[in-house]
Amino acid sequence: MKPTKSISTVTICAAGIAAVLLSSCTSAVQRNKDDKKGMTSAYNPYPPGILPGDLNSEVERVLREVDLVENRALARWHALALPIVRGQPPTLQNTGTEAIETLGELMNFDRNMSPNRNQACMSCHMPYAGFGGPIPSVNLTIIAYPGTAHFRVGKRTPQRHAYAPFFPVLQYNQTQGLFFGGNFYDSRATGVLLRNPDAEQALGPPVDTQEMGFPDTACVAFRLTTAAYSPLFELVWGAGSLDIKFPRNTEAICDIPGGASTFRGNTTPIDLTPEDRTKANVAYGHWGQSIDSYEQSVQVSPFSSKFDAFLAGKYKLTADEMAGFELFNGKGNCNSCHLDGRGTTLKPNQNDTGSAATVNPLFTCFGSANEGVPLNPRNAFYYETTPDSLGFVGNPYGFGYRDLGLGTFLRSGFGSGPNPNSNWTQSAPSVDGQMQVSSARDVAMTPPQCPTTEAGSRPYFQKGFFHNGYLKSLKQLVHFYNTRDKFAFPVTSGHCPPGTIEKVTCWPLPEVKNNIDMTTGNLGLSDKEEDQIVTFLEILTDGFTRPYPNIDTFTGTCMTCNPVTDPNCSPSRQGNGSLIPTPPLPPCASAICGAPPAASPPIP
C-alpha cells in the first residue's frame, strides 16, 4: 500500500500509537513540524563555546554534497544495463554486482532516511575524509555529529567505513582470551543474524536516537516504497519485496524522531500485522546487506594506495617512507595490532627484506584494545542531561558517564546494544575500556584542496582521532603511543601542570584505567622517527593507482594557521587552542560502572 500523504493529527493519535494520550501525540507532531521550519528551536543544552559557530552552515554544506553524490549515483543507475536473472539458484547476471553496489550507494546518500529528511548515513561519513567525519570544526570540538533532531549529538567520532566490511563475525577466542571481529568501536554489530558485521552495523544509525533517528525500523521500508530507486531495490531483492500494508498514520509516526516521550519506550510504534512486520524486517536486513555491498566495493575499499603499489612492485618508497615502514614494523610496534602481513621483530638498524604474507593487508588485527586515552571534555555528549522538546534525554549521567567500550556492550549497558551471547558477559571486566582496532588504511585521507591532516604552513583538514576525538593530528597520535607513560600526570584534560604542554609533555589520566595496552607508552622514538611513521601512514591513503571516487565533492574551507604567530600551529600542538578544563568529575555512574559483573579494579 502506498503511503497516504495527508492525515489529521487526531487520526494519527487515535489510530497510531497505542496507549498514548491524544494531547501528547498532538504536541509531539506539532513540535516536530516546528523543528522542520529551521533550526531556531534547536535543542541546545550546551554551555557557550561547546558547539562550533559554523555548525548550521556546515551541516547544510554537507547535505548539499550528499545530494550531489546521490544524484551521481542515480545517473549511474539510470545508465546501467539491467542484469538478467539466470541460473539455479537465480543470479543477477552481468551487471548484478554493479546493481547492488549502486543500490547501497543510493541508500547511503539518501537524506530521506531520517524523520526530518535532513540526515543520511553519509552526513557523518564522506568519501573525501576516508568515509569519516566531514566537518573540520566538529572534528576539532564536539567530535560527534548532530543527528536528525538538532542538536542531539552522539558520543563518539564517526568510525571510517573503508575496509570495515572485512571484519569477521564477533567471536571469543578461548585460547587467547580475546575477542575478534564485529563492527562499531564497541563491536556491538556482531554479525550474529546476517553473519556480516558490516551489514548489521548499517542497521544501527537509522534508528539511533542521536543519528538518523527513526522511531521504528519499519520506517526504512516505508521510505523505500517512495524512494526514487525503489525499482532497483525490487530488482535486486525481488518483485514485491516492498509490498507491505502500512497503516495510514505511518508517515506521521516516521516524522517523529525516536526517543520521543510520545512513544513511551515503544520501539515498534507502527502497527503492522505479523506478516507485514516480517516483510519489513526482511527489507531492513536487505538495507544493511546493500550498504555493505557498496562499502566493500572498489568505490570505498579499493586497495589503491602507494603502499599497495609498493607491494606490487610498481612504486618505490622514499627514504622517509621506508624508514617509517621499518619503524612501523619494529621500534614503533604498530604492526602488533595494525597488521601488515609481516613480522614485528625488527631490531635497530635492521631492515625488512622479506615478502609480505598477504598482498592486501588490512592493517588491523580485528581485535580491541584500551590505549588509555584521556577523557575529552569537549565531547558534547556530556552536556545532554536535560530533555529536548520531545522529552528525550541523551545522557542522564552527564560527566558520570565513562565509555567502557566493549565492556559496556558485553553487559548490554547504556549507550551500547544488547549482547546476544550470555556466555560473553562474564568476560566484561577483562575488556573494560577496549575499543576496536580500526584499519589504519585511509586514516590520512583528506580532500585534494586540503593536502594534509597536520597543521602548519599548508592548508589542512582537521580530523579527530580515537573514539573520543581527543587527538587532533597523526603526529599527536604517534607521540601518544610513544610517550603516554613517559609524560603521564595525575590530572584531567585542561589541567596539565605549569611548565608542561598538554599532548606534548603532559598526558592526562586515562578515561578508563583498566586493561590498558602496555605494548605502547614508552617506545623511545625520536621526534624525527615519529614524523617518519606519520609519513608511512600517509602512503596508506587510497587513490594513488586510480582516482578515489567522489573525493572531489568537498566544498568547504580548509583550515589554515600561521606557525610564526600561532604557537598551536603545529602537528604537535594542533587543537590545543580549543582545549577546555575538565570539570570536577563525579564518580562513574553506578548504572555504567556498577553493572554486573563488577569491574576489577573498580572504575572511579
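Residues numbered from 1 in each chain as written. Predicted model: local features only at pLDDT ≥ 70, side-chain atom pairs only at ≥ 80, totals over all residues. Heavy atoms only, no water.

Considerations on the overall build of the protein
For step 1, the next point in the chain: Across its full length, the protein carries 18 helices and six strands.
For step 2, the next point in the chain: C-alpha atoms of the protein, sized along the principal axes, occupy 75 × 60 × 50 Å.
For step 3, the next point in the chain: The buried share among the 604 residues of the protein stands at 58%.
For step 4, the next point in the chain: The long-range fraction of contacts in the protein, counting pairs at least 24 apart against all pairs at least 6 apart in sequence, stands at 72%.
For step 5, the next point in the chain: Surface summary for the protein: the accessible area is close to 23,700 Å², and the carbon and sulfur share equals 56%. (Helix = DSSP H or I, 4+ residues; strand = E, 2+ residues; numbered from the N terminus. Buried < 20%, exposed > 50% of the residue type's maximum accessible area, 1.4 Å probe, protein only. Contact = heavy atoms within 4.5 Å. Areas by Shrake-Rupley, 256 points an atom, 1.4 Å probe, with all protein chains shown as cover.)

Examining the side chain of Ser290
For step 1, the next point in the chain: As for its position among the elements, Ser290 is in helix H10 (residues 274–295).
For step 2, the next point in the chain: Residue Ser290 is classed as buried on the basis of its relative accessible area of 0%.
For step 3, the next point in the chain: For Ser290, the side chain forms a polar contact with the side chain of Trp237, separated by 3.0 Å.
For step 4, the next point in the chain: The contact partners of Ser290, leaving out residues within four places of it in the chain, are Ile100, Leu103, Gly104, Met107 and Trp237. (Polar contact = N/O pair within 3.5 Å; in protein donor to acceptor, adjacent residues only side chain to side chain.)

What to know about the pattern of salt bridges
For step 1, the next point in the chain: Scanning the model with the defined rule gives 20 salt bridges in all.
For step 2, the next point in the chain: In this structure, Arg223 and Asp255 form a salt bridge, with 3.0 Å as the shortest nitrogen-oxygen distance. Of this pair, Arg223 sits in helix H7 (residues 218–225) while Asp255 sits in the loop between helix H9 (250–254) and H10, and the two are 32 residues apart along the sequence. Residue Arg223 shares its accessibility class with Asp255, and that shared class is buried. (Salt bridge = Lys/Arg side-chain N within 4 Å of Asp/Glu carboxyl O.)

Points about the state of the cysteines
For step 1, the next point in the chain: Summed over the entire model, instances satisfying the criterion amount to five disulfides.
For step 2, the next point in the chain: Residue pairing for Cys219: its cysteine sulfur links by disulfide to Cys254, the two sulfurs lying 2.1 Å apart. On the S-S bond that ties Cys219 to Cys254, the torsion sits near -90°, and the link is left-handed. Taken together, the residues Cys219 in helix H7 and Cys254 in helix H9 connect sequence positions 35 residues apart.
For step 3, the next point in the chain: We classify Cys219 as buried; its relative accessible area is 0%. (Disulfide = S-S within 2.5 Å.)

A closer look at the side chain of Asn576
For step 1, the next point in the chain: Here Asn576 shows up in the loop between helix H17 (527–538) and helix H18 (590–593).
For step 2, the next point in the chain: With residues up to four places along the chain from it excluded, the contact list for Asn576 reads Ile501, Glu502, Lys503 and Asn568.

Focus on H17
For step 1, the next point in the chain: For H17, built from 12 residues, the straight-helix expectation of 16 Å at 1.5 Å per residue is met to within 8% by its first-to-last C-alpha distance of 17 Å.
For step 2, the next point in the chain: Among all positions in H17, only Glu529, Glu530, Gln532, Ile533, Val534, Phe536 and Leu537 are buried.
For step 3, the next point in the chain: Where the residues of H17 are buried, they touch helix H11 (306–311), helix H12 (319–329) and helix H16 (474–483). (Expected span 1.5 Å × (residues − 1).)

Points about the environment of Ser230
For step 1, the next point in the chain: Residue placement: Ser230 occurs in helix H8 (residues 230–237).
For step 2, the next point in the chain: Excluding residues within four positions of it along the chain, Ser230 makes contact with Leu224, Thr225 and Leu242.

Looking at the layout of surface pockets
For step 1, the next point in the chain: The computed volume of the second largest pocket comes to approximately 400 Å³.
For step 2, the next point in the chain: Lining the second largest pocket are 19 residues, and of these Ala444, Pro451, Glu538, Thr541 and Asp542 lie nearest its centre.
For step 3, the next point in the chain: The residue makeup of the lining of the second largest pocket, split by class, is eight nonpolar, six polar and five charged. (1 Å grid on protein atoms, 1.4 Å probe; cavity = no way out; pocket = protein on both sides within 12 Å on 5 of 7 lines; lining within 4 Å. Points joined across faces, edges and corners; volume = space filled by probe spheres on them. Nonpolar A, V, L, I, M, F, W, Y, C, P; charged D, E, K, R; others polar.)

So, the nonpolar core
For step 1, the next point in the chain: If you look at the biggest cluster of nonpolar residues, it comprises 94 residues, and the most contacted ones within it are Tyr46, Tyr229 and Trp287.
For step 2, the next point in the chain: Broken down by secondary-structure element, the contributors of at least two residues to this core are helix H3 (55–78), helix H4 (96–108), H7, H8, H9, H10 and H18.
For step 3, the next point in the chain: In this structure, Tyr229 is in contact with Glu70, Trp77, Leu103, Leu106, Met107, Asp110, Met113 and Leu224, ignoring residues within four places of it in sequence. (Core = buried A, V, L, I, M, F, W, Y, C linked by side-chain atoms within 4.5 Å.)

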